[in-house]
Every structure is written in structure tokens, then in C-alpha cells.
Amino acid sequence: MKTSLLRLSFLVLLAFVSLANSSFAAEVQGVALRAAAQETFAAAEAAYREGNQALALSRFRSFVLSHHDSELTPVAYTYLGRIFIQQHRYTDALLYLERVAKNARLPEVQLLSGYSLIMAGENDPGFSQLLGIAGQTFSPADQQLLDEGLALAYSRRDEPLKALYFYQQALPGATDPQKLLQSAHHILKNNIDSSMLREASFLFSAGPIGQDARLQLARYALTEKDQKSALNYLSQILASPISFPWRTEAAQLMDRFSQGSWLQKDAIGVLLPLSGRYETYGKMVKRGIDLALKLHNAEKPPLRLLYRDTEADPTKARQATMALANEERVMAILGPLTSGAALSAATSAQQNRTPLLAFSQRAAIPEIGPYIFRDSLTPRMQARALARYAILEKGFHSFGILAPENRLGREMSELFTEEVIKLGGLVIDEQTYAEDANDFRPQILHLMGKSAEHEKTDYRQKTETQRLDDLFVPDEPDYPPTTFDALFIPDYANHIGLIAPQLAFYGIQNFPLLGISGWNSPELLRLAGRYVEGAVFVDGFFLDSPYPFVKEFIDLYVETYGEPPSLLEAQAFDCANILFAQLESPTVTDRDSLRAALAKLQNYPGVTGSTSFDFTGEADKVLFQLQIKDGAIRQLN
């Protein structure tokens, strides 16, 4: 019995010793893991503080993978968020910051997360996070992020004065103050009215944002022809020791009042893409302008053209416009040609009260302001000319449209429909086809009021009884192939060459077809031939025009450059001559009188048609009406 008890006691003691050893081992292992985690974290933190972001990023990533349950993991996530913010990778920053548990989120994490959300475009949730911690104390660097984030968020929320306040707060510690001032400048120039400008000039009077506000007030006063107020604001700017990036501009505006002959009345600026992707087109336009200058200077007091290369870049176009208006002091500007550059330059020219005559087809360019004009063959111009010809001259009242499923097709269809309705007509059928289509049978049958099923042909041999029955079937009346008077097809010659023969094959032949400038090509005659006989389309220029002045221009161009001109050179030639003609007038002495003269332009006899400007500054032109007649393209009007 004693032996059994002793054996049991020994076993119990052995179990206790084993358990104690296991707990001790686990504790030792835990201490070792914590030590390793702290060592890895310290190495990552050291790399971050030394500015080695790549090494810090690698070490912190290794840390969170190996020690995901460490008490230092939320801090590592925060460091990773900071690194990605510094690299402007805001989505990646959020990926780590959002892994921090909500109960472990310090205001620092909320700040970094809110800032990243705003920079990633998630304005409302980011704004809410930053607003919730706006009153707390942060390090100078974090306070900088908070101010910049709130400034951007308020700007997007259309609260400009609050945005300006936080830009002002962010300026003292900014690593790139120019960037912040540029953002504030954009708000002051584009987003607030004169009353808010006055408030901004008062609120921020002790800093560069207040100076910029006074400059915009001076500009606003000039547009209102309030020279006294403009002089007052400019004097305040120049008398102040506060510097800001646009102080030179204020000095240049002041020069206008101190020099009677401030403008260079013989100078015209020209903005074109003379290098880069659109270089070829820019140089084509330049040829037309140079030819106009050559003719003018041979007989009249010489003018100068100051060419500036936009490279089709909106920023460069804006900067060049500012320089031409304020440093070169030109009377007016020709160009730009490309869409984005034209919008940017026109906005700047309007702000500087400098007449600008654009070549771009971009919508709404003239509507920017009274100093902006445009002479270019636009889609609306073509749609209007076709509608007027078809309804007022030919007496057509109903129309069908067959258009490609692309931007050109949609825009021309909408514009043609609008112009037809204005003149009392109606578009009663519209069919579209894929841009790369070569079979138009379904669309043509729909235009004829039929379906593809209806047109199926039974090629089986008829019995003698069926042939006899057919003799007693009365003939159907000869219905017209369509229910409309004319068909409008807004596409290019290569597609018309496929469409026109199919129209004739299915019964729409010898039918009035209407087209756009894209039809004006020798390819149309080669591909479509007799199937487009009688078709009418419009264009802004016609090489075979019988007009003597058009022939003279073409002959001179060929003599000078060795090849015939295109629409681009012809439009540029006209635009330059329009501007030159106004500058010859004794009543044109400054930019305001030049703007007034352009606004009154009526029926200028250009090689691209008789030109006037409407109340918005858009050219209203008599386009060339062209018709396929006897296998050739001929001018109707």
C-alpha cells in the first residue's frame, strides 16, 4: 500500500514539474518574440527617420506580416500610411490605415486617413474625419496636412472663403508654398464674385492671398471700366512689402495708366502648336497667316506677328496668353487651334481684356466673354447651312437621318434636328450604324418602313398553278421608297462609298441626299460614283470655286508653297485678314475699340465664305453649297 502511494506521489510531482517547465518555455518564447518584434520595428523606424523610404517600407511591411498581433502593429500601419502619403499613393495609404482597429485609432490615424480620402477623391468622408479632429493639437507637419486637407475639401464643397482661410493657415510651414498659392489663386480668379473678393482682401490682408485678392479686384474694376478703383487696388499692392507670385502682373497693369502708348499697336500674338503631336496642323495654319501678312505689309503700314508655341498644352497656352497680353502688349491674339489650349487661352484673354480670334471648333469658346471670337467651320454651322438650303431653298419639310454611332454622328444628328425644327421642319426617322459597319441593309429597310424579315425572298420553283394565280393578282400601287423628303448622312466619303450603292440597291435611288464637309473628297466620286449624283453637301472651302478672289488665293498659295491649300490654311488666311482690316481703321486705337469693331463685322468677303460675327462672337458664314453633278463636285451658290 505504501509503495502504491509513493508511486502516485512521484507521478503527481513529475506532472507538476513538467507543467512548470512548459509554462516557463512559453514565457521565454514570448519574450524572445517580443524582443524580435521590437528589434524589427526599431530598424524600420530608424530607416524612416533617416529618410530611406524604400528600406523603411520594406521593413514595416515585413513587420506587419510577421508580427500581426504585436502591440506595435497599429503603429507600423500608421508609418506605412505616412510613407504612402509622402509618395502620393493615397489608395495604398488607406489600405493600411484602415487596418488599425477602431479602438486603437489615435487622432493621428484619423488625420492621415481623412487626408488620404480627400486626396483620393472621397471628399465627404475625408472632410468629416478631418472636421472631427480640427481642434486637437498635432505636430507642425501633421497640422500642415490638416490645413491643406481642409482647404482642398472646402474648395470642393464650394466654400471658397473657408478654403482660402486654411490655405492661409498652411502657408507658413509649407514645403511648397507656390503650390498652395496657385490653388488659392485659382479660387480667387474663378470661384468668387467681387463682394467675396473684397472680403478676402480684408480677411487675408497681411499675407500674399490678400494681395492676390486685391489684384483680382483691380482686374474686375477694369472690366467694369472703373479705372479709379483699379488704380487704388494696384497702388495698395505695389506699396506693400508683402511679396506674392503675381506682383509683376500688378506692376504691368499699373504701367497701362502711366504710359499713354502702352500697347504695341503693330503687334499681334499668334498661338499655335508648332511642335509636338499637332505640329503639322499648326504649321499649315501658320502658312495661311504668313501669306496674309505678306500681302498686307506689301501695301499697308507693316504689322508684326509674335508666334508662340503652345505644344497643344493648356497651361502653356495660358502662360503664353498672359505674356502676350501683359509683357508683349499686343493688340490682339490669333489662335489657338486645339481644344484644351483654346479654352485656356480664351479664358486668360478675356481676363486680360485682349481680343482673341480662335480657330478651334470646341463648343462654347466665344461664350467665354465679349473679347473672344471664333472663325472656324463648326458642326453647328454645317447643320444650319444644310437645314436652310433644304427647307428655305428646296422646300423640303421632312427628313431621315442615317448616322454612325460615334461622336461625329451623334453631334451632327442632334444639331441638324435642332436646326430643322427651328425652320419648321421635322426629322421623322433616324437610324444608326456601327462605326466600322459595311452592311447597312437593316438600317435602310427600317428607313423604308420595312423589316429584314419582310424582305426575305422565296427562291423555290413555283408550280404552274402558282404562276397562273400570279397573273390575276392586281399590281400594288407605286409607293415612294420613303416617307421623308431627304436623307441626311453625317459621315466621311469612304463610308458614303459603301452606303450610297446599297441605298440604290434597296430602292432609295435618285433621292435627295444631304452631307457634311467630310463628303468633299475625290474619294466620294471614285467610290460612290453615279449613286451620289445630285447629292448636296456643305464645306468651308472649295478648291474649284469659280469666285475670282478664291482662285487668286489658291494661285498665290500654290506659287508660294508649291501645293494647294486646305481648309485650315484658308481659314487662317481669312482670320488674319479680318484682324488686319480692323486694325487699319482710324477708329481702332486700343483693345476695346478693336473688340467693338470685330463685334460689328458684317459680310467680310473671305475665301472661306462671307463672314459676320453674331452677338456671342461666333462666326456666321455663308458656306459653300456643293453638289455632285455630271460626275463632278460643283458649287451651287
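Right, let's walk through the structure included here. Quick caveat, the model's predicted, so the values are computed rather than measured. All chains use their own residue numbering, which begins from 1 and follows the written sequence. Local features in this predicted model are restricted to residues of pLDDT 70 or higher, and side-chain atom pairs are both shown and tallied only at a pLDDT of 80 or more, whereas totals for entire chains, interfaces and linings draw on every residue. The basis for the side-chain values is all heavy atoms of the structure; hydrogens and waters are excluded.

## A word on the overall build of the protein
Next, step 1: Counting secondary structure elements, the protein contains 25 helices and 15 strands.
Next, step 2: In what follows, a contact means two residues having at least one pair of non-hydrogen atoms within 4.5 Å. Put simply, of all contacts in the protein between residues at least 6 apart along the chain, 62% involve residues at least 24 apart.
Next, step 3: Accessibility throughout is a Shrake-Rupley quantity obtained with a 1.4 Å probe, and a residue counts as covered only by protein chains that appear here. In the structure as shown, the protein presents an accessible area of about 32,400 Å², 53% of it carried by carbon and sulfur atoms. Each helix is a run of H or I in the DSSP string that is no shorter than four residues. Each strand is a run of E no shorter than two, and both are numbered from the N terminus.

## Regarding the side chain of Q350
Next, step 1: The topology assignment puts Q350 in helix 16 (residues 339–351).
Next, step 2: A relative accessible area of 16% places Q350 in the buried class.
Next, step 3: Each residue touching Q350, except ones within four places of it in the same chain, is listed here: I368, G369, P370, Y371 and I372. Per-residue accessibility, obtained with a 1.4 Å probe over protein chains only, is compared with the maximum for each type, and a residue is labelled buried under 20%, exposed over 50%, and partly exposed between these values.

## Comments concerning the sheet that holds strand 12 (residues 609–613)
Next, step 1: Strands sit in the order 11-12-13 across an open sheet of three strands; the sheet is antiparallel. Every other strand in the sheet has two partners, leaving strand 11 (604–606) and strand 13 (619–621) as the edge strands with one partner each. In this sheet, neighbouring strand axes are inclined to one another by 35° on average, regardless of whether the strands run parallel or antiparallel.
Next, step 2: Of the strand pairs in this sheet, strand 12 and strand 13 are connected by three bridges, and their pairing is antiparallel. From the neighbouring strand, S612 faces strand 13, where its bridge partner is D620. Strand pairing requires that DSSP identify at least two bridges connecting the strands. Geometry is summarised by axes, namely lines fitted to C-alpha atoms with helices restricted to the contacting stretch, and by angles between N-to-C directions that run from 0 to 180 degrees.

## Some words on the packing of aromatic side chains
Next, step 1: Geometry of aromatic contacts follows a simple scheme: Phe, Tyr and Trp rings, the Trp one being its six-membered ring, pair when their centres are within 6.5 Å, and the pair is stacked under 30 degrees between planes, edge-to-face over 60, tilted otherwise. Counted by the stated rule, this structure contains 25 aromatic pairs.
Next, step 2: Summarising the aromatic geometry, the rings of F41 and F63 are spaced 5.6 Å apart at their centres and angled 65° between planes, so their arrangement reads as edge-to-face. With a gap of 22 residues between them, F41 in helix 1 (residues 2–49) and F63 in helix 2 (residues 53–66) connect regions that are remote in the sequence.
Next, step 3: With relative accessibility at 6%, the residue F41 sits in the buried group.
Next, step 4: Ring pairs connect the aromatic residues F41, Y48, F60, F63 and Y79, which therefore count as one cluster.
Next, step 5: For a Lys NZ or an Arg CZ to count as sitting over a ring, it must be within 6 Å of the ring centre and within 35 degrees of the ring normal. Of note, R99 hangs over the ring of Y96, and the distance from its end group to the ring centre comes to 4.9 Å.

## Focus on the sheet that holds strand 9 (residues 513–515)
Next, step 1: Reading across from one edge, 7-6-8-9-10-14-15 is the order of the seven strands in this open sheet, with mixed pairing throughout. Of all strands in the sheet, those bounded by a partner on one side alone are strand 7 (426–433) and strand 15 (632–635). Between one strand and the next, the sheet's axes are offset by a mean angle of 25°, whatever the strand orientation.
Next, step 2: Note: strand 8 (residues 486–488) against strand 9, two bridges, orientation parallel. In the sheet register, F488 faces strand 9, and the bridge partner there is L514.

## Examining the packing of helix 4 (residues 90–97) against helix 5 (residues 107–119)
Next, step 1: Remark: helix 4 packs on helix 5, axes separated minimally by 9 Å, with the N-to-C direction vectors making an angle of 145°. The two elements helix 4 and helix 5 cross, and the hand of that crossing is left-handed. Facing Y90, A93, L94 and L97 of helix 4, the residues of helix 5 in contact are V109, L112, S113, Y115, S116, L117 and M119.
Next, step 2: Residue composition of the contact of helix 4 with helix 5, by class: nine nonpolar, two polar and no charged. Crossing handedness: left-handed means the near helix sits turned counterclockwise from the far one by under a right angle, and right-handed means the same turn made clockwise. Lys, Arg, Asp and Glu make up the charged group, whereas Ala, Val, Leu, Ile, Met, Phe, Trp, Tyr, Cys and Pro make up the nonpolar group; the residues left over, Gly among them, are polar.

## A few points about unusual backbone geometry
Next, step 1: Of note, the bond from G335 into P336 is cis; its omega dihedral lies within 30 degrees of zero at -5°.
Next, step 2: Following the sequence through the fold, P336 ends up in the loop between strand 3 (332–334) and helix 16.
Next, step 3: The phi angle at E311 is positive, at roughly 55°, despite the residue not being glycine.
Next, step 4: Along the chain, E311 falls in the loop between strand 2 (304–309) and helix 15 (314–326).

## A look at the nonpolar core
Next, step 1: To form a nonpolar core, buried Ala, Val, Leu, Ile, Met, Phe, Trp, Tyr and Cys residues must be joined to one another through side-chain atoms within 4.5 Å. Of all hydrophobic cores here, the largest spans 101 residues; its most connected members are I289, L334, F399, F416 and L514.
Next, step 2: Of the residues forming this core, the biggest block, nine residues, is contributed by helix 24 (residues 567–583).
Next, step 3: Apart from the residues within four sequence positions on either side, I289 is in contact with V270, L272, L305, Y307, L334, F359, A572, F573 and A576.

## Some details on the pattern of salt bridges
Next, step 1: The salt bridge definition used is simple: a Lys or Arg side-chain nitrogen within 4 Å of an Asp or Glu carboxyl oxygen. Applying the stated criterion across every chain yields a total of 24 salt bridges.
Next, step 2: D266 is paired through a salt bridge with R304; the nearest N and O atoms lie 3.1 Å apart. Pair noted here: D266 is in the loop between helix 13 (247–258) and strand 1 (267–272) and R304 is in strand 2, with a separation of 38 residues, a long-range link.
Next, step 3: For R304, a relative accessible area of 34% translates into the label partly exposed.
Next, step 4: When the shortest N-O distance is used, the salt bridge between E328 and R308 registers 3.1 Å. Of this pair, E328 sits in the loop between helix 15 and strand 3 while R308 is found in strand 2, placing the two residues 20 residues apart along the sequence.
Next, step 5: By relative accessible area, R308 is classed as partly exposed at 28%.
Next, step 6: Each of R380, R384, E418, E419 and K422 takes part in a single network of salt bridges with overlapping partners.

## Examining the pairing of strand 14 (residues 624–629)
Next, step 1: Among the six residues of strand 14, five are classified as buried, and the element is accordingly described as predominantly covered.
Next, step 2: Where strand 10 (residues 536–539) and strand 14 come together, four bridges link them in antiparallel fashion. Bridge pairing links F537 to L626 in strand 14.
Next, step 3: Relative to strand 15, strand 14 runs antiparallel, the two sharing four bridges. In the strand pairing of strand 15, L626 is matched with Q635.
Next, step 4: With antiparallel pairing between neighbouring strands as the criterion, strand 14 and strand 15 make up a hairpin whose turn holds two residues, including D630 at a positive phi of roughly 55°.

Any functional reading would require information that these geometric values do not contain.
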